[in-house]
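# Structure assessment
In case you want the letters, here they are:
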Protein chains: 2
Amino acid sequence: METVVENQKFRMARKLEKMFGHIDYRNPPELCPVRDVMSVASDQWSTLILLWLGYFHVLRFNKLKKYVYGISNKVLSQRLKVLEADGYISREAFNEVPVRVEYSLTDFGQTYVEKLLELTEWMQANSPKVLANREKYGLL
Amino acid sequence: METVVENQKFRMARKLEKMFGHIDYRNPPELCPVRDVMSVASDQWSTLILLWLGYFHVLRFNKLKKYVYGISNKVLSQRLKVLEADGYISREAFNEVPVRVEYSLTDFGQTYVEKLLELTEWMQANSPKVLANREKYGLL
DNA sequence: AAGAGTAAGTTACAAAAAGTAACCATATGA
DNA sequence: TCATATGGTTACTTTTTGTAACTTACTCTT
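Each chain has its residues counted from 1, following the order in which its sequence is written. Chain A is the first chain written and ligand 1 is the first ligand written, with later ones labelled in order. Thresholds applied to this predicted model are a pLDDT of at least 70 for local features of residues and 80 or more for the giving and counting of side-chain atom pairs; totals over whole chains, interfaces and linings are not thresholded and use all residues. For the side-chain quantities, the full set of heavy atoms in the structure was used; hydrogens and water were omitted.

## Focus on the protein's contact with DNA strand C
What counts is decided by this rule: Whether a residue is near a molecule or strand depends on its heavy atoms: it is near if one of them lies within 4 Å of it. Definition of a polar contact: a pair of N or O atoms within 3.5 Å, with one able to donate and the other able to accept a hydrogen when the atoms are protein atoms, and with sequence-neighbouring residues admitted only if both atoms are side-chain atoms. Think of it this way: any DSSP run of H or I at least four residues long counts as a helix, any run of E at least two long counts as a strand, and we number them from the N terminus.
The full set close to DNA strand C counts 19 residues, and K74(A), V97(A), N73(B), R91(B) and Y103(B) are the nearest of them. Of everything in DNA strand C that lies within 4 Å of the protein, sugar and phosphate atoms constitute 60%. K74(A) is positioned with one of its side-chain polar atoms (N or O) 2.6 Å from a base oxygen of DNA strand C. Measuring from a sugar or linking oxygen of DNA strand C, one finds a backbone N or O atom of V99(B) at 3.1 Å. Elements supplying a minimum of two residues to the surface near DNA strand C: α5 (73-85) of chain A together with α4 (61-67), α5 (73-85) and β3 (100-105) of chain B.

In structure tokens:
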């Protein structure tokens, strides 16, 4: 049991070492593109938007708003813009009345959502543990 | 090429379908523990704190502040508290003068950091693509 | 002995981000 | 004629962050 954890730690340190040879998190954000890019993509609302687009493939503004429960028009439209700018999603507007606008993942966005999904599955599996920890902590 | 992407989409839809049978993101946050738990753990600062703790195993407040470049005392102490409450990290205070406080990952936190690291590696590999997209988008 | 330094924060105040709700154009259906 | 629908935007409020000074208590320097 102990050694398993120790091995994990060792593998981990090696991974991070390798990584930190390239990226230095000590750099200010404007000098560390990874921090910058990550802060957009793994933002709470962006995550939900991307997951739902991964699920439905194509969604219009108001549908998206329904599924990404609790998001406001303002923030939804902001996030859609930056997600488009960063290349995760594409926006297509049709000349109809009223206007129809469709959002969908790009192939690039699709690869990101696959990664994101793994993390979300971890969260799904482990959130009971976290909630239990929280409760225990509250009692101390 | 096309079919590869199509296959990915299919696998994806199945994964999400399976998942959404259990969790409904349409629920308000207070009814969806996954959203709640995720918003703490995948917050930008929390992510950096956890990654650095994964790297060094043990860090004291001021060292952590140095590595998690740009974080303020206030936010660092807030995040450390919730990360401790959620069970990702543990805090040990020594009765010395001046006080010494050591933060480290719990085994639970360690498993999360492994997941987080995968995502970060994707970010590292793909951030140039994102920056290129951003620039292209700016020109439109 | 006075003053600076140190560690791990806290606190008051300012700035930025997010949430809220009303509003826009335009056309269709009741 | 008035309500409805779409895909947002805008002004205003509230919440969250960031900034910088301060705290406690002991030690080291001068």
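## Points about the packing of aromatic side chains
Rule in force here: Two rings from Phe, Tyr or Trp (for Trp, the six-membered ring) form a pair when their centres sit within 6.5 Å of each other. Planes less than 30 degrees apart are called stacked, planes more than 60 degrees apart edge-to-face, and all others tilted. Relative accessibility thresholds used throughout: buried, under 20% of the residue-type maximum; exposed, over 50%; partly exposed, between the two (1.4 Å probe, protein chains only).
Tallying each qualifying case throughout the model produces 18 aromatic pairs over all chains. Geometrically, the ring pair formed by F108(A) and W122(B) is tilted, given 5.4 Å between the ring centres and 35° between the ring planes. On the criterion of chain membership, the pair formed by F108(A) in helix α6 (residues 107-139) and W122(B) in helix α6 (residues 107-139) is interchain, its members lying in two chains. For the residue pair F108(A) and W122(B), the accessibility class agrees, reading buried in each case. One aromatic cluster in this structure is built from W52(A), Y55(A), F56(A) and Y67(A).

## What to know about the pairing of strand β3 (residues 100-105) of chain A
All names here are of chain A. Worth spelling out the cut-off: Two strands make a pair as long as DSSP finds a minimum of two bridges between them.
Most of β3 is tucked away, with five of its six residues classed as buried. Looking at chain direction, strand β1 (residues 58-60) and β3 are connected through three bridges and run antiparallel. Following the sheet pairing, R60 is matched in β3 by E102. Note that strand β2 (residues 89-94) and β3 share six bridges and pair antiparallel. Paired with I89 across the strands is L105, a residue of β3. Between the end of β2 and the start of β3, which pair antiparallel, lie five residues.

## A short note on the protein's contact with DNA strand D
Taken together, 19 residues lie near DNA strand D, and N73(A), R91(A), Y103(A), K74(B) and V97(B) sit nearest. One nitrogen or oxygen atom from the side chain of N62(A) is found 3.4 Å from a phosphate oxygen belonging to DNA strand D. Between a phosphate oxygen of DNA strand D and a side-chain N or O atom of K81(A), the distance comes to 3.2 Å. If you list the elements that add at least two residues to the surface near DNA strand D, you get α4 (61-67), α5 and β3 of chain A together with α5 of chain B.

## Brief notes about the layout of surface pockets
What counts here: Grid spacing is 1 Å over the protein atoms alone, the probe is 1.4 Å, and a cavity is where that probe fits but cannot get out, while a pocket is an open set with protein on both sides within 12 Å along at least five of seven lines and lining residues have an atom within 4 Å of a point. Grid points are joined across faces, edges and corners, and a volume is the space filled by probe spheres set on the points. Each residue receives one of three labels: charged for Asp, Glu, Lys and Arg, nonpolar for Ala, Val, Leu, Ile, Met, Phe, Trp, Tyr, Cys and Pro, and polar for the others, Gly being one of them.
Estimates place the volume of the largest pocket at around 220 Å³. Lining the largest pocket are 14 residues, and of these S42(A), D43(A), Q44(A), S42(B) and D43(B) sit closest to its centre. When contributions to the lining of the largest pocket are tallied by element, the ones reaching two or more residues are α2 (33-41), α3 (44-56) and α6 of chain A together with α2 (33-41) of chain B. There is about 150 Å³ of room inside the second largest pocket. Lining the second largest pocket are N133(A), K136(A), Y137(A), L140(A), E84(B), A85(B), G87(B), I89(B) and T106(B). Residue assignment for the lining of the second largest pocket shows that the elements contributing at least two residues are α6 of chain A together with α5 of chain B. For the lining of the second largest pocket, the element with the highest residue contribution is α6(A), accounting for three residues. Classifying every residue of the lining of the second largest pocket gives four nonpolar, three polar and two charged.

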